[in-house]
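This is what each chain is made of:
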Amino acid sequence: MSILDRILGQIAPGAAVARAKNRLALQVINARYEAATGGNRAAPGRVVRTDADAAAVRRDNLAFIGRDLVRNSAFAARIPQVIANNVIGDGIIPKVRAKQKRAKAGLLAAIEAHFDTTAIDADGRNNLYGLQRLAMNTIVESGEVLIRRRRRFATDGLPLAFQIQVLEPDYLCTSHDVTLESGNVVKYGIEYDAIGRRVAYWLYGEHPGTAGQWLRSTVQNLRRVPASEILHIYRVDRPGQSRGVSWFAPVAMMLQDFADYVDAQIMRQKIAAIFAAFRTSPEDSDAAADTAARFERMVPGRIENLLPGEDIKFAQPPGVEGLDETTRLTLRGVAAGVGITYESLTGDLSQVNFASGRMGRMEMDRNVSAWQWLMLIPQMMQPIGAWALEAYQVSNGVVLPDDVGLDWVPPHRVLVDPTREIPALIDKIRGGLASWSGTVRELGFDPERLIEEISEDVAAFDDRSLIFDSDARKTSGAGQAQASAAKTYNKPDGGQNAQ
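Residues numbered from 1 in each chain as written. Predicted model: local features only at pLDDT ≥ 70, side-chain atom pairs only at ≥ 80, totals over all residues. Heavy atoms only, no water.

On to the sheet that holds strand E9 (residues 230-234), then. Strand order in this open sheet of three strands is E3-E2-E9, and the pairing throughout is antiparallel. Where the open sheet ends on each side, the last strands, each with one partner, are strand E3 (162-167) and E9. Taking each pair of neighbouring strands and ignoring which way they run, the sheet shows an average axis angle of 20°. In this sheet, E3 lies alongside strand E2 (residues 144-151) in antiparallel orientation, the contact comprising six bridges. (Pairing = 2+ DSSP bridges. Helix = DSSP H or I, 4+ residues; strand = E, 2+ residues; numbered from the N terminus. Axes fitted to C-alpha atoms, helices over the stretch in contact; angles between N-to-C directions.)

What follows deals with helix H6 (residues 74-87). The α-helix advances 3.6 residues per turn, and as a result positions three or four apart in sequence lie on the same side. Across its 14 residues, H6 extends 20 Å between first and last C-alpha, which sits within 8% of the 20 Å expected from 1.5 Å per residue. Here H6 has its buried residues at Ala76, Ala77, Ile79, Pro80, Val82, Ile83, Ala84 and Val87. Check the buried side of H6 and you find it contacts helix H5 (59-72), helix H8 (128-142), helix H9 (252-273), helix H11 (323-338), helix H12 (342-346) and helix H13 (354-396). Trailing H6 by a residue or two, glycine 89 shows a phi angle of about 60°, which is positive. (Expected span 1.5 Å × (residues − 1). Buried < 20%, exposed > 50% of the residue type's maximum accessible area, 1.4 Å probe, protein only. Contact = heavy atoms within 4.5 Å.)

Before going further, it helps to spend a moment on the pairing of strand E12 (residues 405-409). Among the five residues that make up E12, four are buried, leaving the element largely enclosed by the rest of the structure. The pairing of strand E1 (residues 93-97) with E12 spans five bridges and is classified as antiparallel. Residue pairing across strands places proline 94 opposite tryptophan 408, the latter belonging to E12.

Looking now at the sheet that holds strand E5 (residues 185-187). Sheets are built from strands paired through backbone hydrogen bonds, the pairs being either parallel or antiparallel. Read from one edge to the other, the open sheet built from five strands follows the order E4-E5-E6-E7-E8, with strand pairing classed as antiparallel. Looking at strand neighbours, the two that pair on one side only are strand E4 (178-179) and strand E8 (222-226), the edges of this open sheet. Summarising the sheet, E5 and strand E6 (residues 190-192) pair through three bridges and their orientation is antiparallel. Bridge assignment links lysine 187 to a residue of E6, and that residue is isoleucine 190.

Another aspect to go through is the packing of aromatic side chains. The way to describe two aromatic rings as a pair is by their centre distance and the angle between their planes. The tally for this structure, following the rule as stated, stands at five aromatic pairs. Taking the centre distance of 6.0 Å and the plane angle of 65° together, the rings of phenylalanine 75 and phenylalanine 258 count as edge-to-face. In this pair, phenylalanine 75 is assigned in helix H6 and phenylalanine 258 in helix H9, connecting sequence segments 183 residues apart. Judged by its relative accessible area of 26%, phenylalanine 75 is partly exposed. (Phe/Tyr/Trp six-rings, centres within 6.5 Å; stacked < 30°, edge-to-face > 60°.)

This next bit is on the nonpolar core. Counting residues in hydrophobic clusters, the biggest one holds 64 residues, and the most contacted among them are Phe115, Met136 and Leu376. With 14 residues, the top contributor of residues to this core is H13. Residues in contact with leucine 376, not counting those within four places in the same chain, are Val87, Ile88, Ile92, Met136, Ile139, Ile233, Trp371 and Met381. Judged by nonpolar contacts, the second largest core, of eleven residues, contains Leu167, Tyr171, Val225 and Ile230. (Core = buried A, V, L, I, M, F, W, Y, C linked by side-chain atoms within 4.5 Å.)

Moving on, we get to a nonpolar patch on the surface. A surface patch of nonpolar side chains, about 270 Å² in accessible area, is lined by Trp436, Ile451 and Ile454. Counting through the fold element by element, isoleucine 454 comes out in helix H16 (residues 447-463). (Patch = residues over 30% accessible without salt bridge, like charges linked within 9 Å, V, L, I, M, F, W, Y side chains within 5 Å. Areas by Shrake-Rupley, 256 points an atom, 1.4 Å probe, with all protein chains shown as cover. Salt bridge = Lys/Arg side-chain N within 4 Å of Asp/Glu carboxyl O.)

One can find valine 245 in the loop between E9 and H9. Of the residues examined, valine 245 reaches a relative accessible area of 7% and is grouped as buried. C-alpha of valine 245 to C-alpha of glutamate 144: the two residues are 101 residues apart in sequence and 6.9 Å apart in space.

A separate point is the packing of helix H7 (residues 101-115) against H13. At a minimum axis separation of 11 Å, H7 and H13 run at an interaxial angle of 115°. With respect to the hand of their crossing, H7 and H13 are arranged in right-handed fashion. Contacts between H7 and H13 involve Gly106, Leu107, Ala110, Ile111 and Phe115 on the former and, on the latter, Ile384, Ala388, Leu389 and Tyr392. By residue class, the composition of the contact of H7 with H13 is eight nonpolar, one polar and no charged. (Left-handed = near helix turned anticlockwise from the far one by under 90°. Nonpolar A, V, L, I, M, F, W, Y, C, P; charged D, E, K, R; others polar.)

Right, let's get into unusual backbone geometry. Positive phi is not limited to glycine here, since tyrosine 188 has a value of about 55°. Position of tyrosine 188 among the secondary structure elements: in the loop between E5 and E6.

Packed helix pairs are characterised by how far apart their axes lie and by the angle those axes make with each other. Look at H6 against H8: their axes get within 9 Å of each other, and the N-to-C directions meet at 135°. The orientation of H6 with respect to H8, classified from their angle, is oblique. For H6 against H8, the interelement crossing comes out right-handed. On the side of H6, the interface is formed by Ile79, Pro80, Gln81, Ile83, Ala84, Asn85 and Val87, while H8 contributes Arg133, Met136, Asn137 and Val140. Residue composition of the contact of H6 with H8, grouped by class: seven nonpolar, three polar and one charged. (Parallel < 35°, antiparallel > 145°, perpendicular 65-115°, else oblique.)

Below is the structure:
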């Protein structure tokens, strides 16, 4: 409720109720996400001319529904896990870009000390990569996430004088839609200037779902936070979209219907598992009451003599058919709706081979790459990198050259069949169709770090006169000694030793 609604509720309750009913009716008319309306399933057939935000006017309901599904549905809980595992993995790691080795080494040490530890987390629970995963899970469930920068003092003892806090979109005061004296406009809790730039976010001081917080959810409890301190991360599906929509929107009703269907089938299975018998006896039989206990428990191999007029009839429970086919069809639709494969959602690999599994994985990899490079890296990681560079310069009293920066390397891509895929990658490099560095990045590794590790390994092997088949300088792919390596090998200091 807005402040006007609260005031009106005190002065004229009837008018307040009418105002609320009209607003709700307008929302239902404009809402285009069936999962949020709870109305007739024919609703998608209606044609309305709404922009992205009007179509998602009840996006908060979608977020609540998404969270409830994750809490109570096994397959719904699997969706953010699969997406986070592929988009984040062990983390989208930073790579320092600098020409001067000294500047690069100093910045890298500070970055690793801050990002690889819980020093980066305002709550002190996760390192940067755990916060990436937390943000990604929130985006899938709620459609969006807020990242707030918390500036710190040098005396706080942090490697870099800032921390970040991951906030659910519930912190946005979406009812705070006003025009300020400055001319700025606030819509859905986001303040825009005259040319449409985001200049601030209006946030509650604490989560509005906290016990008793609804009593304090007033304008007096709002905080105006400059946009420079907030990252608002969401997938942009339509032009002009100011906020995100839960990724469960197209599949929420399907998941709920599937859960109801499975419950009904399980009940049928329970009924089918009950082996019931019904005894009939003459109405006037005095012996019937004395022998009632005989049939309360059936024992295998038991032979029972029936009294005159008694009869036994066994129940015929209903059969259970079509569960597998319906399950596969439904879960394939759910997987397609959120952009992942059926196999990754269910773990069911019974109907795939290498070719079909790889083709499905290739399509999912394209989605994962888009979520990384078109959403998470530009909206979250690059701004956090800029915050880190700013904090490093302030803490050390230096001005970094223009060539110094941070790049980001996504997690390595898991190969479906390394014995087939790795030779194909090698052939691409040998044939000039791909560079070694580009192929390494495609696999999710940092070429520079890989070169450093290989150089250290080679130097250690040469220092101890060790030769392995993996060293192409010494052995061929067939494991035979190279001609140039039969006589000498180069030491790290430039000298040579005889073999």
